[in-house]
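# Survey of secondary and tertiary structure
In case you want the letters, here they are:
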Amino acid sequence: MCETRTILHSDMNAFYASVEMMLNPKLKGKAVAVCGATEERHGIVLAKSELAKKAGVKTGMVNWEARQKCPDLILVPPQYEQYLKYSKLAREIYYRYTDLVEPYGMDECFLDVSNSRTYGNGMEIAEEIRKSTKEELGLTVSIGVSFNKIFAKLGSDMKKPDAITRITEENFREKVWPLAASDLFYVGPATERKLAKYGIHTIGELAAVTPDILKRWFGVNGLMLWRYANGLDTSRVMQKDFVSPIKSIGHGITCTADLYNEEEVFKVMLELSQDVGHRLKVHELAATGVQLWIRATDLTGAQYQCRLPYKTQIPSELANAGFRLFQERYSWSKTVRAITIRAIELVPQNQSEQLSLFVDYARHDKLGRVQDAIEEIRRRFGKKAIYNAILMGEKKIPGDGRELVRMPGLMYQ
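Residues numbered from 1 in each chain as written. Predicted model: local features only at pLDDT ≥ 70, side-chain atom pairs only at ≥ 80, totals over all residues. Heavy atoms only, no water.

## A word on the overall build of the chain
Just so we agree on the cut-off: In this description a helix means any DSSP run of H or I spanning at least four residues, a strand means any run of E spanning at least two, and both kinds are numbered starting from the N terminus. Only protein chains enter the calculation, and the probe is 1.4 Å; a residue is then buried if its accessible area is under 20% of its type maximum, exposed if over 50%, and partly exposed in between. Between two residues, a contact is recorded if the distance between any of their heavy atoms is within 4.5 Å. To be clear on the numbers: accessible area is Shrake-Rupley with a 1.4 Å probe, and residue cover counts the displayed protein chains and nothing else. Only four residue types enter the tally: Lys and Arg on the positive side, Asp and Glu on the negative side, with His and both chain ends excluded. One atom stands in for each charge, and that atom is NZ of Lys, CZ of Arg, CG of Asp or CD of Glu.
Assigned secondary structure in the chain consists of 14 helices and 12 strands. Viewed in the frame of its principal axes, the chain has a C-alpha envelope of about 65 × 55 × 45 Å. Considering the chain as a whole, with its 413 residues, one finds that 47% of them fall into the buried category. Pairs at least 24 apart in sequence give 64% of the contacts found in the chain among residues at least 6 apart. Roughly 21,600 Å² of accessible area belongs to the chain as shown, and the carbon and sulfur atoms make up 52% of that amount. Looking at charge distribution, the chain has the averaged site of its 58 positive side-chain charges lying 2 Å from that of its 51 negative ones.

Right, dumping it as structure tokens:
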């Protein structure tokens, strides 16, 4: 029998807001929220301090609503270069104990310290990391210690801030199973609603359902959720230099004003697709599917996706597929506030494919050659060298200050 692993999940508490308060001591002890620019309707809370959280401020809340919840709230703009800096410094602390450090976003990391016994057991290493992060960086972390990644992440969420929680093979049933099913990794709002429909509200109730039934409800994801709930996750922590395969490439924005008609929506999609197509080409990948995420003016969101009849990197083909999907699925009960378009089900650009009698490959190849020429022009003369004529007017896109008296500019800055 294999020896039990020791996995840590380190989560930097209120990361953006904590960095801002560390850089500006005048903010300490106050309700602080890191927000986007309100003048371009990016006024959404990206992170909040503990005091702001206690006052009811939530991530994703618009600025005016956050101010209503907390009248003394101090809004500060994000400083991403500083967040990246302190994220890297935190990882340097983790590397002292193991090279099996897998980032999960800018402020979270999994660590496998199973073979780091010379530094102590999992709890001792977690305590050293907690103290070092606080003393050297002026930031706090919450750390989960467990025998797998899923429960280590659950542990880091159980006690905040500046705390350590241990979940073992012996105690996970009493610690984990009473938690809400939504606390489990990959149980999102849609899955939570479906589970609730079947009377399943806790992780323990999910664990008690037979795998066959969960597979019938959720496909292979149901089996994954059953394993997670029962403590059977065996996924490994990757090494620090590991680069995970690219599974999707997307681009999205919050518009400077609501979109009221399909023409406005298509312009935004076409603009966003320029960036997606370029990055597909850089990574030598092609999309065989498109995914859309639409946020309405009331901040509700919907996601749609479809398969493509052939693989492509061409921005106009991605935009057209996304637009058709939008026309078919969006009801227009509310105006559109934000759009994300994503290339999914990626394959190598040179991978062979089954041809279809119903696809105009000659036109597709011609568009590909045109796009190659556009890419070369942009490479030689800059990103603002050439773009679609339909994009020359107002598009309600942040930072879109394109000069029309010169050569037409690219669709992204």
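## Concerning helix 5 (residues 122–137)
Rule in force here: Multiplying 1.5 Å by the helix residue count minus one yields the expected span of that helix. Between N or O atoms, a polar contact is any pair within 3.5 Å; within protein, one atom must be a potential hydrogen donor and the other a potential acceptor, and residues adjacent in sequence are included only when both atoms are from side chains.
Spanning 16 residues, helix 5 covers 22 Å between terminal C-alpha atoms, matching the ideal 22 Å at 1.5 Å per step. Among the residues of helix 5, those classed as buried are Gly 122, Ile 125, Ala 126, Ile 129, Arg 130, Ser 132, Thr 133 and Leu 137. Those residues of helix 5 that are buried lie in contact with strand 1 (7–12), helix 1 (15–23), helix 4 (80–94), strand 6 (108–112), strand 7 (141–146) and strand 8 (164–166). Sitting at the amino-terminal end of helix 5 is Asn 121, which places a side-chain oxygen 3.1 Å from the backbone nitrogen of Met 123. A positive phi of about 75° marks Gly 138, the residue just after helix 5.

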